[in-house]
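Examination of the molecular architecture
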Number of protein chains: 2
Amino acid sequence: MKLTVSRLYKYRDTLIRFRQIGMVRVFSDDLAEDMNTSATQVRKDFSLFGISGNKKGGYQIHRLIIQLDRLLGKDKTHFVIIVGAGNLGKALMNYGGFEEEGFKVVAVFDNDPRKISRKGKIPVLPVQGLERFIKARELDLGIIAVPYFAAQEVAGRMTAAGIKGILNFAPVSLKVPGDCFVSNINVQLELETVSYFAKIMKENKKHSQQKKAL
Amino acid sequence: MKLTVSRLYKYRDTLIRFRQIGMVRVFSDDLAEDMNTSATQVRKDFSLFGISGNKKGGYQIHRLIIQLDRLLGKDKTHFVIIVGAGNLGKALMNYGGFEEEGFKVVAVFDNDPRKISRKGKIPVLPVQGLERFIKARELDLGIIAVPYFAAQEVAGRMTAAGIKGILNFAPVSLKVPGDCFVSNINVQLELETVSYFAKIMKENKKHSQQKKAL
DNA sequence: TAGATTGTTAATCGATTAACAATC
DNA sequence: TAGATTGTTAATCGATTAACAATC
């Protein structure tokens, strides 16, 4: 399910690019090609979410985007808080891409008094007020950008206050209640994984060269 | 396979934390609990990579770390280049975590002459010299931190010059030869996915409350 | 020894892919 | 109409989990 949903967001992305260059309709095959997947996968994903096209004429891009927008909640603004105003937290706070895509960072929290500031476009507040803030605004989404040893505590406080979705940048596996969804981004780990498979690729090459030499 | 490998890196992480607090041996169960997985999964992963413990006494942490280090290439320094010196590229360049974990960013490339600088600890070079640099140093690993419309071109040049593993931050699906491994990080997409499931979580709650009310 | 733990084989689960009927 | 494309059902694949024999 998670994979299907994230593909739906990607289809939407692709469709918006297609629309920008003047396209009006697409076939499942066009989407598949752009996204390195199969036409069957595309149709399967759509069918799972009740999206249908025309037996011959494919899908109307504009209409499809509207359907996906509603399905994926892209027709609303989503409010987010970030906990942690270190390098990463600040980078995320200043990243313009969120706003463009319908996310509004309403506040950042930190436990370092020197980082607190109510002046900027996005306030940086003391983490003590976290729960109160979340409850008062009925927020659902939180981003964790604190060191690994603080992440579980932050997650616990977030969920206790009603957060239902967490994007976690700390390299630990968070324990959260069943009514909260967590997604992890671990840059370090991704780079490690890439380096592992890069090594494999090199070794394979060597082997096939050895084979050739025989 | 990818999933297993990335779990191995996580086991290593956990083991290092365990060792720091003075632990000497672990059972598959301890690792599983810390990582939110099952003991069977842990043993299966190990067995897949020929790692074995003691029928009764579990695994020796120190020895296990050494084995994982060799298996995962953590016993060597890996050299990396970054293409794109925008916000993200700069953040990655200044991120200390890589060096700690055995990755050394040897250069950053950009096509904006104003960003070029050979003075800093890590030089920022004109992207024209990319292929030459990769070939001269026989580099395997590249990070793509350029806008989406430039990513495919960069990937093509990287792979043509011999790069075997790419960590891609651009929100597009890269087409690369079969002897190059790509891993994608798409912060925007992850946040979208989280927001989708957060909504589901809220709706489920509403439903169960409705049920209760009956 | 009895109990606990590993390592592996078999079963299950979920996701992707193949096949194909429906139809524009 | 014939050919192309969708939507769905069945088959396959890969990963996780359950079961359990081996053994410390």
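Structure first, text after, so check above.
Residues numbered from 1 in each chain as written. Chains lettered and ligands numbered in written order. Predicted model: local features only at pLDDT ≥ 70, side-chain atom pairs only at ≥ 80, totals over all residues. Heavy atoms only, no water.

1. A few points about the sheet that holds strand S3 (residues 78–83) of chain B
Residue and element names in this part refer to chain B. On the basis of which strands lie adjacent, the open sheet formed by six strands has the order S5-S4-S3-S6-S7-S8 and parallel pairing. Two strands bound the open sheet, and with one partner strand each, they are strand S5 (124–126) and strand S8 (181–184). Strand after strand, the sheet turns through a mean of 25° between neighbouring axes, direction not considered. In this sheet, strand S6 (residues 141–144) lies alongside S3 in parallel orientation, the contact comprising four bridges. When the sheet's bridge partners are listed, Val 80 is paired in S6 with Leu 141. Relative to S6, helix H8 (residues 148–160) is tilted by about 170°, and along the sheet it contacts S3, S6 and strand S7 (165–168). (Pairing = 2+ DSSP bridges. Helix = DSSP H or I, 4+ residues; strand = E, 2+ residues; numbered from the N terminus. Axes fitted to C-alpha atoms, helices over the stretch in contact; angles between N-to-C directions. Contact = heavy atoms within 4.5 Å.)

2. Here's the deal with the pattern of salt bridges
A side chain of one charge can pair with a side chain of the opposite charge if their charged atoms are brought near each other. Evaluated as defined, the whole model comprises 26 salt bridges over all chains. Between Asp 34 of chain A and Arg 17 of chain A there is a salt bridge whose closest N-O contact spans 3.1 Å. Here Asp 34 of chain A is found in helix H2 (residues 28–35), whereas its partner Arg 17 of chain A is found in helix H1 (residues 2–20), with 17 residues between them in sequence. The salt bridge involving Glu 190 of chain A is made with Lys 2 of chain B; its shortest N-O contact spans 3.5 Å. Taken together, the residues span two chains, with Glu 190 of chain A in helix H9 (residues 187–213) and Lys 2 of chain B in helix H1 (residues 2–20). Residue Glu 190 of chain A is classed as buried on the basis of its relative accessible area of 18%. Each member of the salt-bridge network shares a partner with another, and the members are Arg 12, Asp 69, Lys 74 and Glu 101 of chain A together with Glu 192 of chain B. (Salt bridge = Lys/Arg side-chain N within 4 Å of Asp/Glu carboxyl O. Buried < 20%, exposed > 50% of the residue type's maximum accessible area, 1.4 Å probe, protein only.)

3. Points about helix H7 (residues 130–137) of chain B
Residues and elements named next belong to chain B. Burial in H7 covers these residues: Leu 130, Phe 133 and Ile 134. Projected onto a plane normal to the axis of H7, the buried residues spread over an arc of 95° and lie on a single side. Summarising the geometry of H7, the exposed residues directed more than 90 degrees from the buried face are Arg 132, Lys 135 and Ala 136. Those residues of H7 that are buried lie in contact with S3, strand S4 (103–110), S5 and H8. With its phi angle positive at about 50°, Glu 138 sits one or two positions after the end of H7. (Arc of directions from axis to C-beta.)

4. Concerning the nonpolar core
The tendency in soluble globular proteins is for nonpolar side chains to be buried side by side. Grouped together as the largest cluster of nonpolar side chains are 92 residues, with contacts concentrated most on Phe 46 and Ile 143 of chain A together with Phe 46 and Ile 143 of chain B. With near-sequence residues (within four places) excluded, Ile 143 of chain B lies in contact with Leu 191 of chain A together with Val 80, Ile 81, Ile 82, Val 83, Leu 92, Phe 98, Met 158, Leu 167 and Phe 169 of chain B. (Core = buried A, V, L, I, M, F, W, Y, C linked by side-chain atoms within 4.5 Å.)

All quantities given are derived from atomic positions and should not be read as evidence of function.
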